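# Report on the structure
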Amino acid sequence: MPHSFPFLSTEQKKELSDIAQKIVAPGKGILAADESTGSVAKRFQSINAENTEENRRLYRQLLFTADRVEPCIGGVIFFHETLYQKTDDGKLFPQLIKERNMVVGIKVDKGVVPLAGTNGETTTQGLDGLYERCAQYKKDGADFAKWRCVLKITDTTPSELAIKENANVLARYASICQMHGIVPIVEPEILPDGDHDLKRCQYVTEKVLSAVYKALSDHHVYLEGTLLKPNMVTPGHSCSQKYSNQEIAMATVTALRRTVPPAVPGITFLSGGQSEEEASINLNAMNQCPLHRPWAITFSYGRALQASALKAWGGKPENGKACQEEFIKRALNNSKACQGKYVSSGDKGAAGGESLYVANHAY
Amino acid sequence: MTHQFPALSSGQKQELQEIALRIVTPGKGILAADESVGSMAKRLNQIGVENTEENRRQYRQILFRADDRINSCIGGVIFFHETLYQHADDGTPFVKIIKDRGITVGIKVDKGVVPLAGTNGESTTQGLDGLSERCVQYKKDGANFAKWRCVFKISETTPSKLSIEENANVLARYSSICQQHGIVPIVEPEILSDGDHDLRRCQYVTEKVLAALYKAMSDHHVYLEGTLLKPNMATPGHSCPTKYSAEEVAMATVTALRRTVPPAVTGVTFLSGGQSEEEASVHLNAINNCSLVKPWALSFSYGRALQISALKTWRGHKENESAATEQFIKRAEVNGLACQGKYTGGGDSESDQIFVANHAY
């Protein structure tokens, strides 16, 4: 305990810190395009497109070749399959992303598994062989990774076990990534399922994040070379009470201020079940919150960047341009929002105002 | 775990946060005048003065009679229990003198260190028994903040996991109780500078200790905005052969804090440990000039580093009282500048090492 056994050299620390800073540079956030095959199935089903490898390639290609997004997107999270797919003219996707000055990331967890003896709680697997996988991913162009843990709020959850176990596995994953020059994005998602109010979500978020950062400290993780991908603090989906964006922003920023050390360079929110517009407005409100925020506050959005684009595409090649336009629009909006400069025009886009909430989301 | 049973109302939270903010108003720090009777023995011994209650009263009076110049650099004074009930020569209670200057009154509430059996000379701190009732009384008697000191030391085998967890826990319990009574807890997890360890080692241990502390604070539902932290700076051990610049000390200290102290904590008021008066000011200044983002106030809570020159000038002689007060005011003003990063001088003040081995007051 009292001796330090440093495993990261100064150069390794600098590399990690530089990567993290690049991802959350002012005006930039992350495109989470790492939907697993199973998750893509759900997305494609809603637009009546077939879930083939080729369709997945075509769809991601549309996102990755969209122009005008360089100032908005600092990083893209890939699913394993996508990391090895190519554009129509034979260029590997990671290479395309890098050439456009965006950082390539890779989802490395292997999904949630049940925690026996709990009320339906989970942990996340994927640590086996992670060390070797990271070495390979780094060679293949990835400079950051993502791992998602899931917690839910009920009368009896999250339990102490769920909090400790998920915090621990996130810290193990982070520790392994850093040894290979990969910045770990740590995602402890607390689902919005339930009828709990804003205060309850804030309380649980504070407890979860406190445990996460204790675990990161115990595992000797270099915080300057990490990013946090938390839920915003929101009421549960069936909560009868309505809250303003400012209340959500205040609750969220307060929870973060009580738990996230300033050494963490950036907080890249997940959008959860929020609509595209809601996700942008809330992010904007956070960046206008009067409380002092020593970390960058930006986005790591999947559905909230893609819902309209997906709808506009509908699986048809002739809709490619329309699809890209929708994506670009959300990217630009979120770029403004993460600087506190977003003014909602009320334009909802093809899917802008629809709730993207999927019950008990576990992709 | 999942349900909140709020410990404090909004009104109580607001009161606590306002007290904390007032203490660390920009340009202000804390005079730690809470030396126990045993510690005062050492101080007075060094200047050949007998350790009587009257002498202790006279000495604190020298500090408290300082003129308005300290109003802009002292945000709080920590009292020892005995002093809280003493008066100036003209019968004015010390507490009233301090409050009337707009300075917040604090009280040391711990009852000293006790050994942790089975460890390599490590300790925890006692004082929780009846603390709730004592807080009620102290609040009535004018105190708005409290202080509790835990001690760690760096050696081949320490601090141990037990020591870190036990001390973090007791600090969190103390904090929780104080807040119930409108008293802002200053949390002091001091890592002694005894030893030959280098700067890196001290930084590492400081990070581990502070991480454990804030986990315990979270577990005990302490309202961070209504607390202050009184840590050691990250420094090399006293017998460390390597010398470091003030900037290196500042960078190591600020880095350690950035990795562990949530932004919600209103302020960090450093202890001076064994540093000389000048060293303590120069380091505090460098800390405030560190280029890393620092979301909390970074100020001082100095005992020895505000008082050594005053003590030496006084030497127990009435005719030296004014001069002694001047020495204190000077250090207060210097630190008022240092906590804003505006101290430019090297001074003619006391620069002797004030290090006392295995300091356990």
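As shown above, the structure is provided for reference.
Residues numbered from 1 in each chain as written. Chains lettered and ligands numbered in written order. Predicted model: local features only at pLDDT ≥ 70, side-chain atom pairs only at ≥ 80, totals over all residues. Heavy atoms only, no water.

## What about the overall build of chain A?
- In terms of regular secondary structure, chain A is built from 12 helices and 10 strands.
- Its C-alpha atoms give chain A a radius of gyration of 19 Å, near enough to 21 Å, the size a compact globule of 363 residues would have.
- Expressed along its principal axes, the backbone C-alpha trace of chain A runs to roughly 60 × 50 × 40 Å.
- Per-residue burial over chain A gives 63% buried out of 363 residues.
- Considering only contacts within chain A whose residues lie at least 6 apart along the sequence, 80% involve residues at least 24 apart.
- Entry remark: accessible area of chain A is about 13,500 Å², with carbon and sulfur atoms responsible for 52%. (Helix = DSSP H or I, 4+ residues; strand = E, 2+ residues; numbered from the N terminus. Rg over C-alpha atoms; globule rule 2.2 N^0.38 Å. Buried < 20%, exposed > 50% of the residue type's maximum accessible area, 1.4 Å probe, protein only. Contact = heavy atoms within 4.5 Å. Areas by Shrake-Rupley, 256 points an atom, 1.4 Å probe, with all protein chains shown as cover.)

## Comments concerning the pattern of salt bridges
- According to the stated counting rule, one finds 43 salt bridges over all chains in the structure shown.
- Across the pair E187 of chain A and K146 of chain A runs a salt bridge whose closest N-O atoms are separated by 3.4 Å. Note that E187 of chain A is positioned in strand β7 (residues 183-190) and K146 of chain A in strand β6 (residues 144-151), a separation of 41 residues in sequence. Each member of the pair, E187 of chain A as well as K146 of chain A, is classed as buried.
- Between E278 of chain B and R331 of chain B there is a salt bridge; the shortest N-O distance is 3.1 Å. Taken together, the positions of E278 of chain B in helix α10 (residues 277-288) and R331 of chain B in helix α12 (residues 321-338) put the pair 53 residues apart, joining distant regions of the chain.
- Among the residues examined, R331 of chain B registers a relative accessible area of 2% and is labelled buried.
- When salt bridges with common partners are traced through the structure, they connect D34, K107, K146, R148, E187 and E189 of chain A into a single cluster. (Salt bridge = Lys/Arg side-chain N within 4 Å of Asp/Glu carboxyl O.)

## Let's talk about the nonpolar core
All names here are of chain A.
- F64 and Y173 are the most contacted members of the largest nonpolar core, which has 97 residues in total.
- Here this core gets 11 residues from one element, more than from any other, and that element is helix α8 (residues 198-218).
- Once residues lying within four places of it in the same chain are set aside, the contact partners of Y173 are V108, L127, L130, A145, K146, W147, P184, I185 and V186. (Core = buried A, V, L, I, M, F, W, Y, C linked by side-chain atoms within 4.5 Å.)

## Topic: the sheet that holds strand β8 (residues 228-229) of chain B
All names here are of chain B.
- Around the barrel, 8 strands lie side by side as β1-β2-β3-β6-β7-β8-β9-β10; this closed barrel has parallel pairing.
- The sheet contact formed by strand β1 (residues 29-33) and strand β2 (residues 74-79) spans 5 bridges and is parallel. Bridging across to β2, A32 finds its partner in I78. (Pairing = 2+ DSSP bridges.)

## So, the packing of aromatic side chains
- Within this structure, the stated rule accounts for 12 aromatic pairs over all chains.
- Judged by centre distance (5.6 Å) and plane angle (40°), the ring pair of F300 of chain B and Y302 of chain B falls under tilted.
- Overall, the relative accessible area of 0% leaves Y302 of chain B in the buried class.
- One aromatic cluster is present, built from ring pairs that chain together F44, Y59 and W313 of chain A. (Phe/Tyr/Trp six-rings, centres within 6.5 Å; stacked < 30°, edge-to-face > 60°.)

Remember that the coordinates give geometry; whether it matters functionally is a separate question.
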